[in-house]
Amino acid sequence: MTDRGVYGHIGPEALRLLLISPGFASETINCTLITIEDRKNAPEYDAISYVWGTELSEEPIMCNGHRVTVTKNLIQAMRYLRPLPNWDSVITWPKDYQLHSSRNAWGSFAKNRQEQEYSISQQERPIWIDALCINQKNMAEKENQVKRMHETFANAVAVKIWLGQADDSYKADFSRLKELRPRGLPVLTQQVHIGQYGKMPVVLTFIAQALRNVDAGNDYHTASRAATNTAYRNLVHGFPDSDAVEWEVLRDFFDNPWFERIWVVQEVVHARRAIAIRGDWQIEWGALGKAATWFQTQGFALPPDVQFHGDKRDLLPVSKVSAMWQITGDRRPLLRMLRELRGRKATLKVDKIYAAYSLAEETIYFLENNKTFDPLIEPTYDPKRVDEVYPNVVRFLIIYHANLAVLSHAGGIQGVRTSGCPSWVPDWNQPKISTELVSGNKDESPFNANSDELLVIGDTADLKCLSVKGIKVSNGSIRAYGDKLISYRFRHTSYKEEYDFVKSAWNLVAHLASGNNASRDDQLDLYHPENIPHTFVSTLSAGLNEVKQPIDEDSNFLDDAADWLLQQFRGQIPVSGVSKKWRLPRAVWNRSSSGRFREAFTQACLDRRFFITSGDLMGIGPETMERNDIVVILFGGQVPYVVRELGEGKYSFIGECYVPGLMAGEAVDQWRKSRRKAELFNLV
């Protein structure tokens, strides 16, 4: 991206900043790099957050007197970010201009640069842009600056988010003016719809209305109706009908690739102040995040990480915007951050790891004290070592926390792995739709499948092998399974795929409820015929309600589950062992909320399969399971796992699973009584 002669050597504490000369849009960009030997002495500066892009600009910029080629997106950003000349020839908007912020609903959070007068300090304030302020060809400098990235953004006066040029090609249909005025988008005058001025005024109006709704809250007597009736919801919240074209304008805004990128998360989380820039429009990041979160909580959000094929209408891609807004400066466990960032995009697969460091508890000590990282997680961009990054992070997490929580994030994804890592290593470069049963190292999990047996790691010279001690579950070979669950998991609709999944699952275990099977002496109460419907519901929900509480601690959840089963299957699946209400009049059922069970079951089963073992244990597990895979308990792991025997003591790790009768350590307790030896599972 850069030419020779621009950079000199800098020390580990140094920081480069960029001064862009004022100019008009048609002028060549002229800038100067300055070096601050100690970043603690840096002057006030702004940091730029943007998407690099791959298309190079045909026009170079001038930097330190040299012609430098940058990407097309960066040169567009620099044109809009550089100050205008402080001359009388620069035209600004008067306060009575129709789009001036002082005249509109967005005045508290958005402005257009044509209405602003620049101060001397703004004219002279340098900026920091990673593509230019870091010598991208110097590996050592790049690795050092990556570790200090959080400081760079935290110390900036403002982080300016470049969302690209504004598209003003849209013009509202004048004939729709009368239709929209009573509810929805306002007009600027009696005759001009706001959409006549392009897309951004429409976007800003939507955001302003969402913020009004945030302030108003949901404390109104028809809130429950708004939650289930989308037309009514839009009406009471001041938005147009779901088929209005203005929703496409807003959806296009939130569909910006910047919201998908991984590095931008730490850039805005650490910022003192962040401002999104789209063309000449500047919007406070806080307003965007708060509005996106409101849209998500009110059912406007498209399902994240799922390709939605339905009519989008008023559905918006706001989930990742909201998630970013809700991440605060508080440190979180590294494994949790890796999970939250997993669905985001990065050019380099190792950045899926490094972008989490400044937000994680385990790594912040090294960053804040400028200490050398643990060798297992030291950032490297060396092409010869990048394939070691993912396995080394897994080993670090296992050793640091003395448990196998990270294995819940591995396996379970069909298709070609992009990382080339062993089966026990999560492919963080690939999105994972299913929700982990154990999401983090510090979570107080309700599961204790290993009955508190301590982690034991075996010695092995093979760096691609993870050797851990555990036991095979008696009669734990997978005998049969159904198709994986596919669901959009949003709003209040039960999909045919959900019905088919539950029906298929019940077909696998219906014989257990009939009482025709010969009972065994070691059979758990959970699997007695009269208890099979209850155990079936427990399996579908992984033993948890929609807010991750054990279902046995929620007095109404089983009633809600029975209600959903009755609605969907009309008695084909018995509910006598699920709820005590099943013999009562139907009017009593109206108090139940069947949607709670649907939410819990789709959350637990999404992209998983229902299975039954050779010993008639039922469970849900990874979509990549095959017949004759085996269920094992690995010491240090809170849940059972599915593995595939490869011979010579080696196993392929398939993924975590939920099996009633194993989750509280029952298999380990039996193993202790038998005095059998545990074995080492060499996962490869």
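Residue positions are given per chain, counted from 1 along the sequence in the order it is written. Per-residue local features are limited, in this predicted model, to residues with pLDDT of at least 70; the limit for side-chain atom pairs, both in listing and counting, is 80 or more; totals at the level of whole chains, interfaces and linings are taken over all residues. For side-chain calculations, the full set of non-hydrogen atoms in the structure is used, while hydrogens and water are omitted.

Considerations on the overall build of the chain
Segments assigned H or I by DSSP are reported as helices when at least four residues long, segments assigned E as strands when at least two residues long, and all are numbered from the N terminus. Per the secondary structure count, the chain includes 23 helices and 17 strands. Whether a residue is buried, partly exposed or exposed follows from its accessible area with a 1.4 Å probe, protein chains only, as a fraction of its type maximum: under 20%, in between, or over 50%, in that order. Counting all 684 residues of the chain, 54% fall into the buried class. If you take every contact in the chain between residues at least 6 apart in sequence, the share linking residues at least 24 apart comes to 72%. Note on areas: these come from Shrake-Rupley sampling with a 1.4 Å probe, and a residue is covered only by the protein chains present in the view. Here the chain displays about 30700 Å² of accessible surface, and carbon together with sulfur accounts for 47% of that area. Throughout, a residue-residue contact means that at least one pair of heavy atoms, one from each residue, lies within 4.5 Å.

Section: helix H4 (residues 139-147)
The buried fraction of H4 is high, at seven of nine residues. Looking at H4, one finds that the buried residues are Glu141, Lys142, Glu143, Asn144, Gln145, Val146 and Lys147. Looking at the buried positions of H4, the neighbouring elements they touch are strand S1 (15-20), helix H3 (130-133), helix H5 (149-154), helix H11 (263-269), helix H15 (351-354) and helix H16 (361-368). For H4, the N-terminal capping position is held by Asn138, with its side-chain oxygen 3.2 Å away from the main-chain nitrogen of Ala140. Throughout this description, a polar contact denotes any pair of N or O atoms lying within 3.5 Å of each other; where both atoms belong to protein, one of them has to be capable of donating a hydrogen while the other can accept it, and for residues adjacent in sequence the pair is counted only when both atoms sit in side chains.

Here we look at the pattern of salt bridges
We define a salt bridge as a contact between a side-chain nitrogen of Lys or Arg and a carboxyl oxygen of Asp or Glu at a distance within 4 Å. The tally for this structure, following the rule as stated, stands at 32 salt bridges. The salt bridge involving Lys320 is made with Glu260; its shortest N-O contact spans 2.9 Å. Residue Lys320 is located in helix H13 (residues 319-326), and its partner Glu260 is located in the loop between helix H10 (246-254) and H11; the two are separated by 60 residues in the primary sequence. What makes Lys320 buried here is its relative accessible area of 17%. Look at Glu260 and you get partly exposed, because its relative accessible area is 23%. Residue Asp629 is joined to Arg644 by a salt bridge in which the shortest nitrogen-to-oxygen separation is 2.8 Å. Note that Asp629 is positioned in the loop between strand S13 (618-622) and strand S14 (630-634) and Arg644 in strand S15 (residues 641-647), a separation of 15 residues in sequence. Accessibility expressed as a relative area gives 2% for Asp629, which makes it buried. Via salt bridges that share partners, Glu546, Asp554, Asp560 and Arg596 belong to a single interconnected network.

Points about the environment of Cys465
Relative to the helices and strands, Cys465 resides in the loop between helix H17 (389-401) and strand S11 (466-481). On the accessibility criterion, Cys465 (4% relative accessible area) is buried. Expressed as a C-alpha distance, the spacing of Cys465 and Leu683, which sit 218 residues apart in the sequence, is 5.5 Å.

Overview of helix H19 (residues 532-540)
Counting buried residues in H19 gives nine out of nine residues, a clear majority hidden from the surface. Of the positions making up H19, those classed as buried are Ile532, Pro533, His534, Thr535, Phe536, Val537, Ser538, Thr539 and Leu540. Residues of H19 that are buried in the fold lie against helix H18 (496-514), helix H20 (557-569), helix H22 (594-605), strand S12 (608-613) and S13. Among the residues trailing H19, Ala542 stands out with phi positive, at a value near 55 degrees.

Let's talk about the environment of Tyr80
Looking at the element boundaries, Tyr80 is found in helix H1 (residues 72-81). For Tyr80, a relative accessible area of 24% corresponds to the partly exposed category.

Re the packing of aromatic side chains
For Phe, Tyr and Trp, rings pair up if their centres lie within 6.5 Å, where Trp contributes its six-membered ring, and each pair is then called stacked (planes under 30 degrees apart), edge-to-face (over 60) or tilted (otherwise). Per the counting criterion, the structure on display carries 39 aromatic pairs. Look at Phe206 and Phe239: their rings are 5.6 Å apart centre to centre, the planes differ by 20 degrees, and that puts the pair in the stacked class. Pair noted here: Phe206 is in helix H7 (residues 199-216) and Phe239 is in the loop between helix H9 (230-236) and H10, with a separation of 33 residues, a long-range link. Comparing Phe206 with Phe239, the two get one shared label, buried.

Let's talk about the side chain of His270
On the secondary structure map, His270 appears in the loop between H11 and strand S9 (274-278). The residues contacting His270, other than those within four sequence positions of it, are His150, Phe153, Ala154, Arg331, Ser358 and Leu359.

Observations regarding unusual backbone geometry
The residue Lys548 is not glycine, and still its phi comes out positive at about 70 degrees. For Lys548, the location among the structural elements is in the loop between H19 and H20. By relative accessible area, Lys548 is classed as partly exposed at 40%. Positive phi, close to 60 degrees, is recorded for Glu648, a residue that is not glycine. Within the element layout of this structure, Glu648 appears in the loop between S15 and strand S16 (650-656).

Concerning the state of the cysteines
Cysteine sulfur pairs qualify as disulfides if the two atoms are within 2.5 Å. One pass over the full model with this rule turns up zero disulfides. We note that Cys31 lacks a disulfide partner, and the nearest cysteine sulfur, in Cys63, lies 3.9 Å from it. Cys31 gets classed as buried once you look at its relative accessible area, which sits at 1%.

Notes on the pairing of strand S10 (residues 281-284)
Here, strands pair whenever DSSP counts at least two bridges between them. Where strand S6 (residues 110-112) lies against S10, three bridges are found, and the strand directions are antiparallel. Directly across from Ala110, in S10, lies its bridge partner Ile283. As defined by bridge partners, S9 adjoins S10 across four bridges and the pair is classed as antiparallel. The partner of Ala276 across the bridge, within S10, is Ile283. Connecting the antiparallel pair S9 and S10 is a turn made up of two residues, with Gly279 showing a positive phi of about 65 degrees.

Things to note about the environment of Pro257
Looking at where Pro257 falls in the secondary structure, it is placed in the loop between H10 and H11. When the C-alpha positions of Pro257 and Val51 are compared, they lie 7.3 Å apart, and in sequence the two are 206 residues distant.

With respect to the packing of H18 against H22
Axes here mean lines fitted to C-alpha atoms, for a helix over just the part in contact, with angles spanning 0 to 180 degrees between N-to-C directions. Their axes nearest at 12 Å, the elements H18 and H22 cross at an angle of 75 degrees. Judged by the inter-axis angle, H18 sits roughly perpendicular to H22. Contacts between H18 and H22 involve Glu498, Phe501 and Val502 from the former and Arg598, Phe601, Thr602 and Cys605 from the latter. Between 65 and 115 degrees an angle is taken as roughly perpendicular, under 35 as roughly parallel, over 145 as roughly antiparallel, and anywhere else as oblique.

Thoughts on the confidence of the model for the chain
Scored from 0 to 100, pLDDT records how confident the predictor is in each individual residue. Per-chain confidence: the chain averages 88 in pLDDT, with 87% of residues scoring 70 or above. Residue range residues 176-183 is modelled with pLDDT below 50. Its contacts to residues more than four positions away, or to other chains, number 17 contacts.

Examining the packing of helix H12 (residues 285-297) against H13
The N-to-C vectors of H12 and H13 enclose an angle of 120 degrees; their axes lie 8 Å apart at closest approach. Compared by their axis directions, H12 and H13 come out oblique. The handedness of the crossing between H12 and H13 is left-handed. Residues Trp285, Gly286, Leu288, Gly289, Lys290, Ala292, Thr293 and Gln296 of H12 lie in contact with H13, whose contacting residues are Ser319, Val321, Ser322, Met324, Trp325 and Gln326. When residues are sorted by character, Ala, Val, Leu, Ile, Met, Phe, Trp, Tyr, Cys and Pro go into the nonpolar class, Asp, Glu, Lys and Arg into the charged class, and all the rest, Gly among them, into the polar class. Residue composition of the contact of H12 with H13, by class: six nonpolar, seven polar and one charged. By definition, any crossing whose near helix is turned counterclockwise from its far helix by less than a right angle is left-handed, and any crossing with a clockwise turn is right-handed.

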